[in-house]
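Given next are the chains, with one letter for each unit.
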Amino acid sequence: MASDELLAAAHALERLAAASTGGEWRLTGLLATRPEVITHHDDGTTEHIAEARTRSARWIAALSPQLAAPLAEWLRSAARQERVDPAAVEVARVLRRRIPS
């Protein structure tokens, strides 16, 4: 059932975010071609997340664990609908394939 897929994906996404480095992910670094993704924690500390290529660094920072809660809620909301949005099902399927169990 589609709603089960959506709920499973929401749960998997939240587990993955909880196991990831939190904080606000931002781009920094001295080399424009090899930016670094750094998380800024509420206590003022920072932590290195990844070194990336220019073309993918913004993507990595934009899809930080901060996106997990609203995305999981969207999947749960879609699961509660009488007619499940096919786009939500596709997102859930991709997440389930990509997120380790």
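Residues numbered from 1 in each chain as written. Predicted model: local features only at pLDDT ≥ 70, side-chain atom pairs only at ≥ 80, totals over all residues. Heavy atoms only, no water.

1. So, the packing of helix H1 (residues 2–19) against helix H3 (residues 68–79)
The relative placement of two packed helices is expressed as an angle between their axes plus a distance between the axes. Heads up, the rule is: To get an axis, a line is fitted to the C-alpha atoms, and for a helix only the part in contact is used. The angle between two axes follows their N-to-C directions and goes from 0 to 180 degrees. Segments assigned H or I by DSSP are reported as helices when at least four residues long, segments assigned E as strands when at least two residues long, and all are numbered from the N terminus. Convention used here: angles under 35 degrees read as roughly parallel, angles over 145 as roughly antiparallel, angles from 65 to 115 as roughly perpendicular, and any remaining angle as oblique. Note: crossing handedness is left-handed where the near helix turns anticlockwise from the far helix by less than a right angle, and right-handed where it turns clockwise. Whether two residues are in contact is decided by their heavy atoms: any pair within 4.5 Å suffices. Throughout, the ten residues Ala, Val, Leu, Ile, Met, Phe, Trp, Tyr, Cys and Pro are labelled nonpolar, Asp, Glu, Lys and Arg are labelled charged, and all others, Gly among them, are labelled polar.
For the pair H1 and H3, the least separation of the axes is 8 Å and the interaxial angle reads 165 degrees. By the angle between their axes, H1 is roughly antiparallel relative to H3. Regarding H1 and H3, the two cross each other, and that crossing is left-handed. Every residue of H3 that contacts H1 at Ser 3, Leu 6, Leu 7, Ala 9, Ala 10, His 11, Leu 13, Glu 14 and Ala 17 is listed here: Ala 68, Leu 71, Ala 72, Leu 75, Arg 76, Ala 78 and Ala 79. Residue composition of the contact of H1 with H3, by class: twelve nonpolar, two polar and two charged.

2. Some points on H1
For an α-helix, 3.6 residues make a turn, and residues three or four places apart therefore share a direction. How we decide: Helices are assigned an expected span. That span is 1.5 Å times one less than the residue count. Each residue is placed in one exposure class: buried if its accessible area under a 1.4 Å probe, protein chains only, is under 20% of its type's maximum, exposed if it is over 50%, and partly exposed if it falls in between.
The terminal C-alpha atoms of H1 lie 26 Å apart, and with 18 residues this matches the ideal 26 Å at 1.5 Å per residue to within 8%. Looking only at H1, the buried set comprises Ser 3, Leu 6, Ala 9, Ala 10, Ala 12, Leu 13 and Ala 17.

3. Quick word on the confidence of the model for the protein chain
Applied cut-off: What pLDDT expresses is the predictor's confidence in each residue, scored from 0 to 100.
Of the residues in the protein chain, 99% have a pLDDT of 70 or more, and the chain-wide mean is 90. The secondary-structure element of the protein chain with the lowest mean pLDDT is helix H2 (residues 54–62), recorded at 82, while H3 shows the highest, at 96.

4. Re the pattern of salt bridges
Formally: When a carboxyl oxygen of Asp or Glu is within 4 Å of a side-chain nitrogen of Lys or Arg, the pair counts as a salt bridge.
The tally for this structure, following the rule as stated, stands at five salt bridges. With its nearest N and O atoms 2.7 Å apart, the salt bridge here joins Arg 93 to Glu 5. Taken together, the residues span a long stretch of sequence, with Arg 93 in helix H4 (residues 86–98) and Glu 5 in helix H1 at a distance of 88 residues. Since its relative accessible area comes to 38%, Arg 93 is described here as partly exposed. Overall, the relative accessible area of 26% leaves Glu 5 in the partly exposed class.

5. A word on the environment of Ser 56
Position of Ser 56 among the secondary structure elements: in helix H2. For Ser 56, a relative accessible area of 30% puts it in the partly exposed group. Separated by 31 residues in the primary sequence, Ser 56 and Trp 25 have C-alpha atoms spaced 14 Å apart.

6. What about the packing of H3 against H4?
At their nearest, the axes of H3 and H4 sit 10 Å apart, and the two run at 125 degrees to each other. By the angle between their directions, the pair H3 and H4 is classed as oblique. Along this stretch, H3 crosses H4, giving a crossing that reads as left-handed. Only Ala 87, Ala 88, Val 91, Ala 92 and Leu 95 of H4 make contact with H3, whose side of the interface consists of Leu 71, Trp 74, Leu 75 and Ala 78. Broken down by class, the residue content of the contact of H3 with H4 amounts to nine nonpolar, no polar and no charged.

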